[in-house]
Amino acid sequence: MGLDITVLIVDWAHVKEAPPDQRMELLMDVACPDDDSDLEVPERGWVWPSVLGAPWFARYEFFRTLGSFKAHFWAGQAWEKIRGFADPDLRVTLDGFLSGLFWYGPDPANDAVHVHGDLFPADINRSRGVSLAYPPAAVPTLFKSWVKAAPHLEELREPFALYAARPSGHWIKNFEEFADLLSDWGEVVGEANRRGWGLIGLPG
């Protein structure tokens, strides 16, 4: 997996109107346009590029990640360190949520699968670095996991401080950054669920 990630929610049916071998280019062209000077890009939140004539997708800017996948990787590493101290119900719920999005699970031999559906041919998934693909029908399961887990994140503050905190200068160095990243993913999944759209992670 590359070191950058661009996360989109998309109208799945619109993307599937394009031939399979052209869908990646379609998404890359609108997600990372050569000239996006007309777009207002927030430090955190949604970029709705209707000025490009593409109201069928939106890009999400994760807080303090600068588009890097490293923050997501280190959030997964932090979860591995503290999951054993979480309430069992919270552990199961967050296991499902995080392994559905960017975490590869506690056992390296059982890598989580983050690419679902038939939007891209398998050879494009491998060669172009698609890191995440959820068709609309699969998004509600992620959303339900987030709704269940979100009210209990504060329970992880103490174990994070004891077992997962890292010195300044690192990604996900404290509980606040961990909770921020998870909350951003909750926003992404929630908006995709509300619109009945799919979820895509492309190389940055």
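The coordinates are above.
Just so it is clear, the structure is predicted and the values come from calculations on it, not from any experiment.

Student: Is there a simple way to think about the overall build of the protein chain in this case?
Tutor: Looking only at helices and strands, the protein chain features 8 helices and 5 strands. From first element to last, N terminus to C terminus, the protein chain shows the α and β order β-α-α-β-β-α-α-α-β-α-α-α-β. Put simply, the protein chain has 204 residues, and 47% of those count as buried. Residue pairs at least 24 apart in sequence account for 69% of intrachain contacts in the protein chain once pairs closer than 6 positions are excluded. Accessible surface, the protein chain as shown: approximately 10000 Å² in total, 52% of it carbon and sulfur.

Student: What's the story with the pairing of strand β3 (residues 57-61) in this structure? I'm lost.
Tutor: Along any regular strand the residues' side chains alternate between the sheet's two faces. Burial within β3 is extensive, with 5 of its 5 residues counted as buried. Judged by which residues are buried, β3 turns out to be covered on both faces: F57, R59 and E61 on one side and A58 and Y60 on the other are all buried. Note: strand β1 (residues 6-10) against β3, 4 bridges, orientation antiparallel. Note that in β3 the partner of V7 across the bridge is Y60.

Student: What should I look at first to understand unusual backbone geometry in this one?
Tutor: Of note in this structure, R64 is not a glycine but carries a positive phi near 65°. One can find R64 in the loop between β3 and α3 (70-82). The backbone of I172 shows a phi angle near 50°, a positive value even though the residue is not glycine. Considering the arrangement of structural elements, one finds I172 in the loop between α7 (157-163) and α8 (175-195).

Student: Sorry, what's going on with the pattern of salt bridges here?
Tutor: Two side chains bearing opposite charge may form a pair once their charged atoms approach each other closely. The full count for this structure, using the stated rule, is 11 salt bridges. Ionic pairing is found between R157 and E176, a salt bridge with its closest N-O pair at 2.5 Å. Of this pair, R157 sits in helix α7 while E176 sits in helix α8; the two residues are 19 residues apart in sequence, bridging distant segments of the chain. Three or more residues are tied together by salt bridges with common partners; here these are R44, R64, D180 and D184.

Student: Honestly, the packing of aromatic side chains in this entry has me stumped. Any pointers?
Tutor: Pairs of aromatic rings are described using the distance from one ring centre to the other and the angle between the two planes. Applying the stated criterion across every chain, the model contains 11 aromatic pairs. Ring geometry for W46 versus Y60: centroids 4.9 Å apart, planes at 75°, classification edge-to-face. Of this pair, W46 sits in strand β2 (residues 45-47) while Y60 sits in strand β3, placing them 14 residues apart in sequence. Like Y60, W46 is buried. Centre to centre, the rings of F102 and W185 are 5.9 Å apart; their planes meet at 25°, and the pair counts as stacked. One end of the pair, F102, is in the loop between α4 (88-101) and α5 (122-128); the other, W185, is in helix α8, and 83 residues separate them in sequence. We classify W185 as buried; its relative accessible area is 1%. Site record: aromatic cluster; members linked through ring pairs are W46, W48, Y60, F62, F102 and W185. Cation over ring: R166 sits above W74, and NZ or CZ is 3.9 Å from the ring centre.

Basis of the calculations
- Residues numbered from 1 in each chain as written.
- Predicted model: local features only at pLDDT ≥ 70, side-chain atom pairs only at ≥ 80, totals over all residues.
- Heavy atoms only, no water.
- Helix = DSSP H or I, 4+ residues; strand = E, 2+ residues; numbered from the N terminus.
- Buried < 20%, exposed > 50% of the residue type's maximum accessible area, 1.4 Å probe, protein only.
- Contact = heavy atoms within 4.5 Å.
- Areas by Shrake-Rupley, 256 points an atom, 1.4 Å probe, with all protein chains shown as cover.
- Pairing = 2+ DSSP bridges.
- Salt bridge = Lys/Arg side-chain N within 4 Å of Asp/Glu carboxyl O.
- Phe/Tyr/Trp six-rings, centres within 6.5 Å; stacked < 30°, edge-to-face > 60°.
- Lys NZ or Arg CZ within 6 Å of the ring centre and 35° of its normal.

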